Amino acid sequence: MMNFIPYSKQNILDDDIEAVVKTLKSDYLTTGPKIKEFEEALCKYTRAEYCVAVSNGTAALHLASLVLLKENDKVLTTVNSFLATSNSILYVKAKPNFVDICEDGNIDLDLCEEELKKDSSIKAIYVVHFSGLSVNQKKLKELRDKYKVKILEDCAHSIGAINDGVKAGSCLNSDISTFSFHPVKGFTTGEGGAITTNSKELYEKLLLLRNHGMKAKPEIGPWHYDMTELGFNYRLTDIACALGISQLNRLDGFLDKRRVLAKRYCEILEKYDFVKPIYDFTNESAYHLFVVNIDFDKFGIDKKDFVTKMREKNIGLQFHYIPINKQPYYKDLGYGTENTPMMDKYYKEAISFPLYPNLSIEEQDYVIASMLEVLDV
Ligand SMILES: *Cc1c(COP(=O)(O)O)cnc(C)c1O
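Residues numbered from 1 in each chain as written. Predicted model: local features only at pLDDT ≥ 70, side-chain atom pairs only at ≥ 80, totals over all residues. Heavy atoms only, no water.

Comments concerning the overall build of the protein chain
Link 1 in the chain: If you tally the helices and strands in the protein chain, you get 12 helices and 14 strands.
Link 2 in the chain: In summary, the protein chain has a C-alpha radius of gyration of 21 Å against a globular reference of 21 Å for 377 residues, a match within 12%.
Link 3 in the chain: Considered along the principal axes of its C-alpha atoms, the protein chain spans approximately 75 × 55 × 40 Å.
Link 4 in the chain: Per-residue burial over the protein chain gives 56% buried out of 377 residues.
Link 5 in the chain: Considering only contacts in the protein chain between residues 6 or more positions apart, those separated by 24 or more positions represent 71%.
Link 6 in the chain: Carbon and sulfur atoms make up 52% of the accessible area of the protein chain, which totals about 17300 Å². (Helix = DSSP H or I, 4+ residues; strand = E, 2+ residues; numbered from the N terminus. Rg over C-alpha atoms; globule rule 2.2 N^0.38 Å. Buried < 20%, exposed > 50% of the residue type's maximum accessible area, 1.4 Å probe, protein only. Contact = heavy atoms within 4.5 Å. Areas by Shrake-Rupley, 256 points an atom, 1.4 Å probe, with all protein chains shown as cover.)

Focus on unusual backbone geometry
Link 1 in the chain: For the bond from His320 to Tyr321, the omega torsion is 0°, close enough to zero to count as cis.
Link 2 in the chain: Along the polypeptide, Tyr321 turns up in the loop between helix H9 (303-312) and helix H10 (328-332).
Link 3 in the chain: One non-glycine residue with positive phi stands out, namely His212, at about 65°.
Link 4 in the chain: Here His212 lies in the loop between helix H7 (200-210) and strand S10 (214-216).

Observations regarding the sheet that holds strand S8 (residues 176-180)
Link 1 in the chain: If you walk across this open sheet you meet the 7 strands as S1-S9-S8-S5-S4-S2-S3, and the pairing is mixed. Edge positions in the sheet fall to strand S1 (50-54) and strand S3 (95-99), since each of these pairs with one other strand and no more. Looking at each pair of strands side by side, their axes are set apart by 20° on average, direction ignored.
Link 2 in the chain: Both strand S5 (residues 150-154) and S8 contribute to a ladder of 3 bridges, which runs parallel. Residue pairing for S8: Leu152 is matched across the bridge by Ile176.
Link 3 in the chain: The sheet contacts of helix H2 (residues 33-46) involve S1, S8 and strand S9 (193-197), and relative to S1 the element is tilted by about 130°.
Link 4 in the chain: This element, helix H5 (residues 109-118), spans strand S2 (74-78), S3 and strand S4 (122-128) of the sheet and lies at about 170° to S4. (Pairing = 2+ DSSP bridges. Axes fitted to C-alpha atoms, helices over the stretch in contact; angles between N-to-C directions.)

Now the structure itself:
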């Protein structure tokens, strides 16, 4: 049998290891030269003006919410994301309003517009470029201009994605973008995250909040600092940044490999009418995930059994995501009864196939063959 095939994993080469070792042997393990270098590289890559590297993607969302939102602000966000997206709204005592998805897994921006028309007190929209497919940037711009709402792009899946010429994280049509560099994401720093923005004001607030809200005051003394905000320690180490710089250099190569494999999945699956990628192949997706819908009803098997049987074949399928509004914690807050027919259907049928840069053709073929075997086609 094949070795275990997860849905995603990192790709580390000797160059990455050497970069980390070099920093380990240097004078600075944290708050040294690598953080600035990493942030500048991320600005260059995303085309955003400012970048703040932080300890993980959730910390990025937390700081972003602190600078964008006030208590009780209403925020439209997707039911289909990792918990951290909407949790960050709760961290600052603001109010997530969950919106249904489109067929491609992304938040339905037309539904967002309906909500904005009905309720002028909505302050922001948090979108996630789900699976690496950017939401429609034209529509995002339209909503931002017309309804004067703040926009956050959660780019945890989508570094390298593009839509209508707009690069994910460039913040061309948003106030802030956030990233995660967890090992399953586009590239990794172990744990890590970043925030991009084109606003100098937001940038300066974020810098302050990353480091306890304290500012050095050398004019008073080399030891002196003032604390003006209630900040955190969300710093990213130079060790992680060194890995990040090395990985970011390889990102376009990773994206090429993901796209080649995604295209191959699409071509193979075309033969079968019971399984369908959630969107047609596009070079604009960063393909963090490769999600398919399977018509399980047709085979008298449910998704859970399918996943269990694939696990027995050493294939680690995943589901992205359990609707956030249906989590026990959210139910206790009164969520969970929103009308989300698209998400309900998606929850029944969708599954993420393994996809990562060094997934081999043999492994990919094995995934397909195993699917056919389990479904008894
Ligand atoms: C991974 C992820 C996060 C959280 O990032 P961490 O680095 O794990 O804290 C946030 N949002 C989305 C959509 C993610 O996939």
